[in-house]
Amino acid sequence: MSIRGAANPSIYLYGPGKAKIVDHPTPTLDAPEDAGRIIVRVAFVGVCGSDVHFWNHGGINGKNVSESQPLIMGHEASGTVHAVGSAVQDLKVGDEVAIEPSDPCRSCPHCKRGAYHLCPHMKFGACPPDTPGCLTHFYKMPADFAYPLPPSISLREGALTEPLAVGAHAVRGVNVRPGQSVVVMGAGTVGVCAAVVARWFGATNVVCMDLQAGKLEGARAVLGGADGFETLMPRQGEAPMELAARIVRECGLGEGADAVVEATGAESCVQTGVYVLRKGGQYIQTGLGKVMIQFPIVDVSEKELHFHGAFRYGPEDFAVALDVLRSGRWEVAKLITKVWEFENTTEAWEATKRGEGVKNMIRVGGKEEAGVGTNGVARST
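Calculation notes
- Residues numbered from 1 in each chain as written.
- Predicted model: local features only at pLDDT ≥ 70, side-chain atom pairs only at ≥ 80, totals over all residues.
- Heavy atoms only, no water.
- Salt bridge = Lys/Arg side-chain N within 4 Å of Asp/Glu carboxyl O.
- Helix = DSSP H or I, 4+ residues; strand = E, 2+ residues; numbered from the N terminus.
- Buried < 20%, exposed > 50% of the residue type's maximum accessible area, 1.4 Å probe, protein only.
- Domains from an automatic or database assignment.
- Contact = heavy atoms within 4.5 Å.
- Buried area = accessible area lost by both parts, 1.4 Å probe.
- Polar contact = N/O pair within 3.5 Å; in protein donor to acceptor, adjacent residues only side chain to side chain.
- Nonpolar A, V, L, I, M, F, W, Y, C, P; charged D, E, K, R; others polar.
- Patch = residues over 30% accessible without salt bridge, like charges linked within 9 Å, V, L, I, M, F, W, Y side chains within 5 Å.
- Areas by Shrake-Rupley, 256 points an atom, 1.4 Å probe, with all protein chains shown as cover.
- Phe/Tyr/Trp six-rings, centres within 6.5 Å; stacked < 30°, edge-to-face > 60°.
- Lys NZ or Arg CZ within 6 Å of the ring centre and 35° of its normal.

Some words on the pattern of salt bridges
And then number 1: Applying the stated criterion across every chain, the model contains 18 salt bridges.
And then number 2: Close ionic contact of D323 with R326 constitutes a salt bridge, the shortest N to O distance being 2.8 Å. Separated by three residues within a single helix, D323 and R326 lie in helix α10 (residues 317–327), roughly one turn from each other.
And then number 3: Judged by relative accessible area, which is 41%, R326 ranks as partly exposed.

Here is the structure:
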């Protein structure tokens, strides 16, 4: 269907390769539990690798959409506050915000200890079976998971806050400190964001590795020119242990890297990450790949590595991401390869599936809406 005349056009996924624009009911704030919620008029939504996985397979890790239970997609978003609940005090209509698409229960043991991202009752945007995402014109959410954008950050840049928060969660998970060295496996959006945050936290030697020259070029566009940042491409047929030794040698890592952020999920990259670390180094897994892989467990034990999983983002990660954007030290917006119109969402997914560019983005609000800042001030997007 066309979005013309629709009150709240939304992108629904019905299964692998099947998506439609549907006029979803416009959300309201009428229920008692809506007092602390807001409605956001969505401006931009970034395309994530998980979106492509859903597009290809209809779900992930046993959570699937279907013809009888389709779902609105998208979770990397920014927008303008359209309405506020009666208890909301820190936001007002017209405020521009980055969206954290999380809605935890707030009362389970995980939430109580501050790990709300591990909440077993989490309602996360575009997560089956029944939590709608952000590829919709009007999105209802908890007010405290919307982060005001300062005037220096455009709505388009604001949609990058989510992947930057993923990078922040990874870097904080391995406790990166000033003067350390960090190797990032993968120069996609999350990998580059992790590299940026590592630099923000004071890492003096950051290396990004990827198989695709275009992605390394994108990483250099954001981080290149600064002392202590390098990119490296594996050679054809190069074994993980050989690649790790070359990274250490060519990038001057001494005994090995202090920390590794693995952002591909590829088995060979996981192995390389283990080999490239110094004794006592820290490793965090952000990329998702095969369910079972071959793993150099003896090296993990003999080097006494600290091994971590990473799941989305948690407390203060969005605050770190916004600090990075606000600083202006890195042109993170250079990650954006192309902005697609809402009606062409599946084309954006296909482009990402083909590996075209680093970050494809979808304009939801329309050209005029997305180019207007707080209080109607025109802003370049």
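So, next bit.
Side note on the domain arrangement of the protein chain
And then number 1: Per the domain assignment, the segments making up the protein chain are domain 1 (7–148 + 341–363) and domain 2 (169–309).
And then number 2: In this structure, domain 1 and domain 2 have C-alpha centres spaced 30 Å apart.
And then number 3: Counting residues at the interface gives six residues for domain 1 and seven residues for domain 2.
And then number 4: At the boundary of domain 1 with domain 2, total buried surface from both sides reaches about 420 Å², with 65% on carbon and sulfur atoms.
And then number 5: For the pair domain 1 and domain 2, the number of links is one residue pair in polar contact (both at pLDDT 80 or more).
And then number 6: A per-class count over the side of domain 1 that touches domain 2 returns two nonpolar, three polar and one charged.

Some details on a nonpolar patch on the surface
And then number 1: A cluster of nonpolar side chains, namely I293, F295, I297, V298 and F307, defines an oily patch on the protein surface of about 400 Å² accessible area.
And then number 2: On the secondary structure map, I293 appears in the loop between β15 (277–285) and α9 (297–302).
And then number 3: Under the relative-accessibility criterion, I293 is labelled partly exposed at 30%.

Things to note about the packing of aromatic side chains
And then number 1: Under the definition given, this model contains nine aromatic pairs.
And then number 2: Between the aromatic rings of F124 and Y313, the centroid separation amounts to 6.2 Å while the plane-to-plane angle is 45°, which identifies the pairing as tilted. With F124 in the loop between α2 (109–112) and β9 (138–142) and Y313 in the loop between β16 (306–309) and α10, the pair connects residues that are 189 residues apart, well separated along the chain. Neither F124 nor Y313 differs from the other in exposure class; each is buried.
And then number 3: Ring geometry for Y147 and F318: centres 5.0 Å apart, planes at 15°, overall stacked. Of the two residues, Y147 sits in strand β10 (residues 146–148) while F318 sits in helix α10, which places them 171 residues apart along the sequence. A single burial state applies to Y147 and to F318, both of which are buried.
And then number 4: Here the aromatic cluster, defined as three or more aromatic residues joined through ring pairs, consists of F124, Y147, Y313 and F318.
And then number 5: R312 extends its terminal NZ or CZ atom over the ring of F124, reaching a point 3.7 Å from the ring centre.

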